[in-house]
Amino acid sequence: MATFINLLQILIFLVTAINASDDDVTWAKRVVTKNEVITTLQFYFHDKLSGQNPTAIRIAQSSQTNNNSSTLFGMLMMIDDPLTVGPDPASKIVGRARGMYGSAGQTDFGLIMVLSYGFLDGIYDGSSFSMLSINPVMQPVREMAIVGGTGLFRLARGYAIAHTYMADPATGDAVVGYNVTIATYKNIANCSYFIICTYPTATISITRAHEEEAWFRNIRGVKESLAVVHFYVQDVLGGSNPTVYEVARASITANSTTSFGQVRVLDDRMTAGPEANSATVGRLQGLITFADLETSALAMNLNFYFTSGEYNGSTLCILGRNQIMNAQREFPVVGGTGAFRFARGYALSSTYSYDVETNYGVLEYT
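Counting from 1, residues in each chain are numbered in the order their sequence is written. Predicted model: local features are reported for residues with pLDDT of at least 70 only, side-chain atom pairs are reported and counted for 80 or more only, and whole-chain, interface and lining totals are derived from all residues. The basis for every side-chain value is the complete set of heavy atoms in the structure, and neither hydrogens nor water enter the calculation.

(A) Region of interest: the overall build of the protein. When you go through the protein residue by residue, the secondary structure sums to three helices and 21 strands. Burial status follows relative accessibility: with a 1.4 Å probe on protein chains alone, a residue under 20% of its type maximum counts as buried, one over 50% as exposed, and anything between as partly exposed. The burial tally for the protein puts 48% of its 366 residues in the buried class. Accessible surface computed for the protein: about 17900 Å², of which carbon and sulfur atoms make up 55%. Numbering of helices and strands runs from the N terminus; a helix is a DSSP stretch of H or I covering at least four residues, while a strand is a stretch of E covering at least two. Surface exposure here means Shrake-Rupley accessible area, sampled with a 1.4 Å probe, where a residue is shielded only by the protein chains that are shown.

(B) Structural detail: the pattern of salt bridges. The working definition used for a salt bridge is a side-chain nitrogen of Lys or Arg within 4 Å of a carboxyl oxygen of Asp or Glu. If you walk through the whole model with that rule in mind, you get nine salt bridges. A salt bridge links Glu 246 to Arg 249, with the shortest nitrogen-to-oxygen separation between them at 2.5 Å. Residues joined in a network through salt bridges with shared partners are Asp 80, Arg 96, Arg 98, Asp 292 and Arg 321.

(C) Seen up close, the pairing of strand S13 (residues 231-236). Most of S13 sits inside the fold, with six of its six residues counted as buried. Should DSSP find at least two bridges between two strands, the strands are taken to pair. Looking at chain direction, S13 and strand S21 (residues 360-365) are connected through six bridges and run antiparallel. By the bridge assignment, Val 233 is partnered in S21 with Leu 363. Relative to strand S15 (residues 263-271), S13 runs antiparallel, the two being bridged by three bridges. The residue bridging Gln 234 from the neighbouring strand is Arg 269, located in S15.

(D) The side chain of Ser 256, seen in detail. One can find Ser 256 in the loop between strand S14 (244-248) and S15. Whenever a nitrogen or oxygen atom comes within 3.5 Å of another N or O atom, the pair is scored as a polar contact, on the condition that within protein one atom can donate a hydrogen and the other can accept it, and that pairs from neighbouring residues in sequence are kept only if both atoms are in side chains. For Ser 256, the side chain forms a polar contact with the main-chain nitrogen of Phe 260, separated by 3.1 Å.

(E) Broad picture of the packing of aromatic side chains. Under the pairing criterion, centres of Phe, Tyr and Trp rings, with the six-membered ring standing for Trp, must be within 6.5 Å; the plane angle then separates stacked pairs below 30 degrees from edge-to-face pairs above 60, leaving the rest tilted. Taken as a whole and judged by the stated rule, the model has 21 aromatic pairs. Measuring from ring centre to ring centre gives 5.8 Å for Phe 119 and Phe 129, while their planes differ by 40°; the resulting arrangement is tilted. Pair noted here: Phe 119 is in strand S6 (residues 110-119) and Phe 129 is in strand S7 (residues 128-136), with a separation of 10 residues, a long-range link. Under the relative-accessibility criterion, Phe 119 is labelled buried at 2%. Phe 129 gets classed as buried once you look at its relative accessible area, which sits at 0%. Residues Tyr 232 and Tyr 352 carry aromatic rings whose centres are separated by 5.5 Å and whose planes lie at 80° to one another, so their mutual orientation is edge-to-face. Of this pair, Tyr 232 sits in strand S13 while Tyr 352 sits in strand S20 (residues 345-355); the two residues are 120 residues apart in sequence, bridging distant segments of the chain. Relative accessible area serves as the criterion here: at 46%, Tyr 352 is assigned to the partly exposed category.

Taken by themselves, the reported measurements are silent on function.
Set out below in structure tokens:
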């Protein structure tokens, strides 16, 4: 009996050590359950509007924002804010929050947050989560929704609790503490299941997987379907009929090597193949924003609208970061409509071709 107890103690110690080894950082912890991984993150968000090197820049506002609104209603900010272990700006940087927030309250100071939180430290290096939520900043503690993620946070769902550690009313500078809880499936970041589809007609083909895909069967206790779509996007930035337009920019955009602060709206054609005359299968519509002070990267707020086949009228929504010089980029799929109601997932994108003279690009999406 004593031998059995000793063996059991050793086994518990080994399991604990293995789980602890998953984390090599002090600001995040992971707990593995039967089907899920629950991750808690603790960090500080530094929003700097003042000085020679601000990380938050105003890019647009309404005609009434400054004169008639006590809440700055209509103000839109682009940010590339550091995330640190402690409240001191000099403490270790573990990531950056990039994207936009804007004042969306007429009677109370509420910010709409459309941000990607990307991490740089330990096993979380290269992973991100996406936030789309209202932030009532005058409340001492507020809760915001996490709608997706990449890397270790693929198919993420969760929430963030934020409290203001410091706010300077004269400059607008603020330090905000975050406590984040994220639920993800086990081993989801290591899955490699994509089936590359071809489209001889304008009908979108969806590859479905139920119990055929072992990894998918193992991560869920209820029956779900897996859809994989593959198509191309015709991105026309030049010529007489562009599909991408600049709609706003910051005061520093013209002098920024990364075009920080620029906002573009797009309505690109989605096609079955890479050729310009390939059959149209939908439209890609939304905003792309230049939200990185140091790297050529975009914050993507996009809607994929399908216009052919049985998925005609259905949509998929993306909210994430696009480091455009990388050969392959990953974005969270955070929802959908029609056939894709309650959707969660991720998209992989690459540049199929780009013509510098005509400023015409073709993007491939899975």
